[in-house]
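What follows is the residue order along each chain.
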Amino acid sequence: MNLVELQHQTPLLDALRHCAQRPNTPFYAPGHKRGQGIPTQLSNLLGSEVFRADLPELVELDNLFAPQGPIQAAQELAAQAFGAEQTWFLANGSTSGVIAAILATCNPGDRIILPRNVHQSAISGLILSGAIPVFVEPEYDPVLDLVHSITLASVAAALTQYPDAKAVLMVYPTYYGVCGDVQAIAQLAHDRNVPLLVDEAHGPHFAFHPELPTAALTAGADLAVQSIHKVLSAMTQAAMLHVQGERVDRDRLTKALQLVQSTSPSYLLLASLDAARQQMATQGQALMTQTLQLADLARTQISQIPGLQVLQLEQASSSGFTTLDRTRLTVTVSGLGLTGFAADEILNEEFGVTAELPSLQHLTFIISLGNTEADIQHLVAALQQLATRSDRNQPQTYPLLRVDSQTKEPTPLLTPYSSLLTPRDAWFAPTETVAIAQAVNRVSAELVCPYPPGIPVLVPGEAIASEAINYLRQVLAAGGFITGCADVSLQTLKVVQEEAGRIRNEKA
């Protein structure tokens, strides 16, 4: 059987179907016993069949941490489809993959180079591993108020300053669909014998169409983590981790994944990865062609609505990037006199249109294989109505930047002002809770970020800047949400006790 024929198979899905359909008297977990004990309200919502397939690690279903049967076969097919040498299924989202990637490459005290606009999962990886972050400033567009990717020059400078770094991690694409030069950064890292780890959570579709950005593995990355659920058809929380080459210790990676994944993974999620892989391997290019056509239609029509601006490739490339994922639609709404949060609320409550990501000035929409032309027309019509009723004479501006005191150039607020402790030391240090006004210049003990997208504004171990507090307050005032802090109203913050911070800083 050739590779094309193999990709039509779904070994894990088939095994789960067989186990779900066969007569069986269960004396094993889960407690609902193949749906027999499911509450009626839940069964009425989801149907009964799904619970027959909610099964544990039966012999026929293999074991995620020591696969030898259908899971192993499904992962091998996924590796072929996505261009990897080896693939692991993740039932705990890309979060578990990013953490495991850091655990697999960094010992306590090792340095890792990564952008300041990483997802909070990377900070969790720093805390758990004890690695020391070398944060690199991402490129910032002060006109659009968007933070993009790290550049080759910034990574080169970091590697020159810290030649002992054990890994480089980059986000590709960003939440807004902008792609940095992963191929050049991979080559640079490899010249130093350093692995490139890629948080490709929003790019699992790249491997399936020539008009999409180059997939991270194709561009030379050593490891890529992908959220198959975000833009493909797997169930929420289902993801994959792909590896190629020898720079990442695969045995250590396997052990790291066992630390951050449940010993009772959902076979519903795992089987959805098998099905999503089969779908993309056999229909992927046609599905992505349709998706790109819908995205281009949306971009063209929305660009013609007065007061709205759509992120275009030309704008992204002006910051040094040449690739934009066209299926990711970022619309600037501040020209309507609205924040992104206010616009999102109106669209959701009055028009039944919900964005993926609202921010202070923008709305970002994911257009995927699940969308239809009717969806696009509904979105365009809702935005047209929003523009008609809004006040374009009162544009909103909420710059996510500060001005560098030496260069006088705008730089993103996401850049740490001063890392006084490692994230791990700050996480485990004695803390105290102080009023927000007293937190300025203290060492943060909390990981604080607007969510989504889950990009931290405060990281454990860094000095708390007044600009960061002001920005978080702006997010709350505009209708956004803050996560990671004990006091979500932001009246107080947890900080490292001053004596503990001083002692640890002196030892460092």
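Residues numbered from 1 in each chain as written. Predicted model: local features only at pLDDT ≥ 70, side-chain atom pairs only at ≥ 80, totals over all residues. Heavy atoms only, no water.

Overview of the overall build of the protein chain
Right, on to step 1. Helices and strands together make up the secondary structure of the protein chain, namely 18 helices and 21 strands.
Right, on to step 2. A fraction of 70% describes how many contacts in the protein chain between residues 6 or more apart in sequence connect residues 24 or more apart.
Right, on to step 3. On the protein chain, roughly 21,400 Å² of surface is accessible, and the fraction owed to carbon and sulfur atoms is 49%. (Helix = DSSP H or I, 4+ residues; strand = E, 2+ residues; numbered from the N terminus. Contact = heavy atoms within 4.5 Å. Areas by Shrake-Rupley, 256 points an atom, 1.4 Å probe, with all protein chains shown as cover.)

Comments concerning the sheet that holds strand β13 (residues 328–332)
Right, on to step 1. Taken in spatial order, the four strands line up as β11-β13-β15-β14 in an open sheet, and their pairing is antiparallel. Sheet topology places β11 (309–310) and β14 (357–358) at the edges, where each strand pairs with a single neighbour.
Right, on to step 2. Relative to strand β15 (residues 362–366), β14 runs antiparallel, the two sharing two bridges. Residue pairing across strands places Leu357 opposite Thr364, the latter belonging to β15.
Right, on to step 3. Helix α12 (residues 267–303) contacts β11 and β13 of the sheet and is inclined by roughly 10 degrees relative to β13. (Pairing = 2+ DSSP bridges. Axes fitted to C-alpha atoms, helices over the stretch in contact; angles between N-to-C directions.)

Some details on the packing of helix α6 (residues 93–105) against helix α7 (residues 120–129)
Right, on to step 1. Contact geometry for α6 and α7: axes closest at 8 Å, N-to-C directions at 40 degrees. Compared by their axis directions, α6 and α7 come out oblique. Here the hand of the crossing between α6 and α7 comes out right-handed. Judged by residue contacts, Thr95, Val98, Ile99, Ile102 and Leu103 of α6 engage Ser121, Ala122, Ser124, Gly125, Leu126, Leu128 and Ser129 from α7.
Right, on to step 2. Broken down by class, the residue content of the contact of α6 with α7 amounts to seven nonpolar, five polar and no charged. (Parallel < 35°, antiparallel > 145°, perpendicular 65-115°, else oblique. Left-handed = near helix turned anticlockwise from the far one by under 90°. Nonpolar A, V, L, I, M, F, W, Y, C, P; charged D, E, K, R; others polar.)

Examining helix α9 (residues 182–191)
Because an α-helix completes one turn every 3.6 residues, residues spaced three or four positions apart along the sequence face the same direction.
Right, on to step 1. Val182, Ile185, Ala186, Leu188, Ala189 and His190 are the residues of α9 that are buried.
Right, on to step 2. Taken together, the buried residues of α9 touch α8 (152–161), β6 (167–171) and β8 (196–199).
Right, on to step 3. Remark: Asn193 follows α9 within two positions and exhibits a positive phi of approximately 60 degrees. (Buried < 20%, exposed > 50% of the residue type's maximum accessible area, 1.4 Å probe, protein only.)

Here we look at the side chain of Thr174
Right, on to step 1. Relative to the elements of secondary structure, Thr174 occurs in the loop between β6 and β7 (178–179).
Right, on to step 2. Of the residues examined, Thr174 reaches a relative accessible area of 2% and is grouped as buried.
Right, on to step 3. Setting aside its immediate chain neighbours within four residues, Thr174 contacts His148 and Ser149.

Remarks on the packing of aromatic side chains
Right, on to step 1. On inspection of all chains with the given rule, the structure shows two aromatic pairs.
Right, on to step 2. Look at Phe82 and Phe208: their rings are 5.1 Å apart centre to centre, the planes differ by 90 degrees, and that puts the pair in the edge-to-face class. Of this pair, Phe82 sits in helix α5 (residues 70–82) while Phe208 sits in the loop between β8 and β9 (223–226); the two residues are 126 residues apart in sequence, bridging distant segments of the chain.
Right, on to step 3. Note on Phe208: relative accessible area 9%, which makes it buried.
Right, on to step 4. Taking the centre distance of 5.9 Å and the plane angle of 85 degrees together, the rings of Tyr172 and Phe206 count as edge-to-face. Pair noted here: Tyr172 is in the loop between β6 and β7 and Phe206 is in the loop between β8 and β9, with a separation of 34 residues, a long-range link. In this pair, the class of Tyr172 matches that of Phe206, namely buried. (Phe/Tyr/Trp six-rings, centres within 6.5 Å; stacked < 30°, edge-to-face > 60°.)

Remarks on the environment of Gln75
Right, on to step 1. In this fold, Gln75 is placed in helix α5.
Right, on to step 2. Those residues in contact with Gln75, other than ones at most four positions away along the chain, are Leu64, Pro67, Thr87, Trp88 and Phe89.
Right, on to step 3. Within the structure, Gln75 has its side chain in polar contact with the backbone oxygen of Thr87 (distance 3.5 Å). (Polar contact = N/O pair within 3.5 Å; in protein donor to acceptor, adjacent residues only side chain to side chain.)

Here we look at the pattern of salt bridges
Right, on to step 1. Using the criterion set out here, one finds twelve salt bridges in the structure.
Right, on to step 2. In this structure, the salt-bridge partner of Asp222 is Arg247, at a minimum N-O distance of 3.2 Å. Of the two residues, Asp222 sits in the loop between β8 and β9 while Arg247 sits in the loop between β10 (239–243) and α11 (250–260), which places them 25 residues apart along the sequence.
Right, on to step 3. According to the relative accessible area criterion, Asp222 is buried, its value standing at 2%. (Salt bridge = Lys/Arg side-chain N within 4 Å of Asp/Glu carboxyl O.)

Comments concerning the pairing of β9
Right, on to step 1. Burial along β9 is two-sided: the face carrying Leu223 and Val225 and the face carrying Ala224 and Gln226 are both buried.
Right, on to step 2. Here β8 runs beside β9; their pairing, made up of three bridges, is parallel. Bridged to Leu197 within β9 is Leu223.
Right, on to step 3. In terms of strand pairing, β9 meets β10 through four bridges, oriented antiparallel. Paired with Val225 across the strands is Leu241, a residue of β10.

Section: unusual backbone geometry
Right, on to step 1. The linkage connecting Ala29 with the following residue, Pro30, adopts the cis geometry, with an omega of 0 degrees.
Right, on to step 2. The residue Pro30 is located in the loop between α2 (11–21) and α3 (40–46) in this model.
Right, on to step 3. Of note, the bond from Tyr172 into Pro173 is cis; its omega dihedral lies within 30 degrees of zero at 0 degrees.
Right, on to step 4. With respect to the secondary-structure elements, Pro173 resides in the loop between β6 and β7.
Right, on to step 5. Its identity is not glycine, yet Arg34 carries a phi of approximately 60 degrees, on the positive side.
Right, on to step 6. Inspection of the secondary structure assignment puts Arg34 in the loop between α2 and α3.

Here we look at the nonpolar core
Right, on to step 1. Membership of the largest hydrophobic core comes to 67 residues, with the highest contact counts inside it found for Phe89, Val168 and Leu196.
Right, on to step 2. Here this core takes eleven residues from α12, the largest share from any one element.
Right, on to step 3. Ranked by size, the runner-up nonpolar core spans 35 residues in total, among them Val98, Leu103, Val225 and Val459. (Core = buried A, V, L, I, M, F, W, Y, C linked by side-chain atoms within 4.5 Å.)

Points about the packing of α8 against α9
Right, on to step 1. Look at α8 against α9: their axes get within 9 Å of each other, and the N-to-C directions meet at 15 degrees. By the angle between their directions, the pair α8 and α9 is classed as roughly parallel. As α8 packs across α9, the resulting crossing turns out to be right-handed. For the pair α8 and α9, the contacting residues are Leu152, Val155, Ala156 and Leu159 in the first and Ala184, Ile185, Leu188 and Ala189 in the second.

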